[in-house]
Structures are given as structure tokens and as C-alpha cells.
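Residue strings, one per chain:
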Amino acid sequence: MSSQTVEQLSGFEKQYSLQTAEITSKIGRVHTLPSSERAGAVQDIRRNLEEVNDLLDQMELVVRELESNTTERTKYELRVRSYQSDKKQLDTELEKAIRRVREEADRDELLAFDDQLDEHRQEDQLIANTQRLERSTRKVQDAHRIAVETEQVIGSGKQMFTEN
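Criteria and thresholds
Residues numbered from 1 in each chain as written. Predicted model: local features only at pLDDT ≥ 70, side-chain atom pairs only at ≥ 80, totals over all residues. Heavy atoms only, no water. Patch = residues over 30% accessible without salt bridge, like charges linked within 9 Å, V, L, I, M, F, W, Y side chains within 5 Å. Areas by Shrake-Rupley, 256 points an atom, 1.4 Å probe, with all protein chains shown as cover. Salt bridge = Lys/Arg side-chain N within 4 Å of Asp/Glu carboxyl O. Lys, Arg positive; Asp, Glu negative; His and termini not counted. Charge placed at Lys NZ, Arg CZ, Asp CG, Glu CD. Helix = DSSP H or I, 4+ residues; strand = E, 2+ residues; numbered from the N terminus. Buried < 20%, exposed > 50% of the residue type's maximum accessible area, 1.4 Å probe, protein only. Core = buried A, V, L, I, M, F, W, Y, C linked by side-chain atoms within 4.5 Å. Contact = heavy atoms within 4.5 Å. Expected span 1.5 Å × (residues − 1).

(A) Spatial organisation of a negative patch on the surface. A cluster of acidic residues, Glu50, Glu51, Asp54 and Asp57, forms a negative patch on the protein surface. Locating Glu51 in the fold gives a position in helix α2 (residues 35–64). Overall, Glu51 belongs to the partly exposed group, its relative accessible area being 41%.

(B) Representation of the nonpolar core. Counting 24 residues, the largest nonpolar core has Leu9, Ile23, Ile27 and Ile45 as the members making the most contacts within it. Elements supplying a minimum of two residues to this core: α1 (3–29), α2 and α3 (71–163). In terms of residue count, α2 provides more of this core than any other element does, 9 residues in total. Those residues within four positions of Ile23 in sequence are excluded, and the remaining contacts are Ile45, Asn48, Leu49, Val52 and Leu90.

(C) Layout of the pattern of salt bridges. All chains considered together, the criterion is met by 12 salt bridges. For the salt bridge of Lys75 with Glu72, the shortest nitrogen-to-oxygen distance reads 3.5 Å. Of this pair, Lys75 and Glu72 both sit in helix α3, 3 residues apart, which is roughly one turn of that helix. Owing to a relative accessible area of 27%, Glu72 belongs among the partly exposed residues under this scheme. Because the salt bridges share partners, they merge into one network encompassing Glu22, Lys26, Asp44 and Arg47.

(D) Examining α2 more closely. With 30 residues, α2 should cover 44 Å at 1.5 Å per step; its first-to-last C-alpha distance of 44 Å lies within 8% of that length. Along α2, the residues classified as buried are Arg38, Ala41, Val42, Ile45, Asn48, Leu49, Val52, Leu55, Leu56, Met59, Val62 and Val63.

(E) Structural view of α1. Helix length check: α1, at 27 residues, gives a terminal C-alpha distance of 39 Å against a target of 39 Å (1.5 Å per residue), a fit within 8%. Within the span of α1, buried status applies to Thr5, Leu9, Phe12, Glu13, Tyr16, Gln19, Thr20, Ile23, Lys26 and Ile27.

Printed below as a string of C-alpha cells:
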């Protein structure tokens, strides 16, 4: 195996490590971003995952150039398979993060809807209470009017009684 091939594979592995660490970090932060930035962050992560996929393809091609049935080739084939498995895990983690963000958005939307319903319920309750208060006020006014009329009738009856 040539030293150039080893250096090339070593460079690919370093690049892979840096990119996957960055992707992992970004996936972990997606749900903390403001909702307006989440879609862009997800697109950025997907682009990074594509770059990792391209890098793994390049690694695979270089490994195929190694002499077959050697321990070095077997070692690098296993590493590439391991990296591919890790990349699939990152794909899964991204999908989980997207689901969490969607569920959170759905929950926020439902809570906002519930808040709107509560506001409407409160408005309805306020209207009902206002109507009840208006009815009670009318009843008190009617009772007061009847009391005044009764006093007038009694007063005029007393007057008539005293005159006679």
C-alpha cells in the first residue's frame, strides 16, 4: 500500500470526523433554534450529510484501489462500513429531531388554538355575565319603580283616608 493512499484515507477520516461532529452538534441544536431558522438549519444539515455521503463514496473508491485480500484493505473496508453505519445513524437522528420539531410546532399551534378558544370562551362568558347583569339591573329598576308607585298609591290612599 502506498503512503499516498494511506495519507489520502487518513485525510478522509479526519474530514469525516470533523463533519460528523459538526452535524451531530447541529442536530442537537435544531430544537433550540427559533422556528423561523429551523427549516434552514435542517437543509444545512442535509447538505452536510450529502457531503459526508460523497466523502464515504470517495473513501470506498480509494479502498478498492488497495491490493485485495490484504489486512490493510480489510481494515479500511471495515472502517468505511462502520462510517456508513454511523452516517445512517445520523440520518435517523436528524429525522427524530425533525419529528420533535414538528411535534413541538403542532403542540405550539394547538396551544395557540386552545388559547384562542379560551379567549372566545372568556368573551362568551363575559357576554353572558353582562346580559345577566343587565337583566338583574332591569329587575331592580322594575322593583324600584313598583315600590315608588306603591308608595304613591299608599300615599294617595292615606290622603283620601285622612280627608274622609
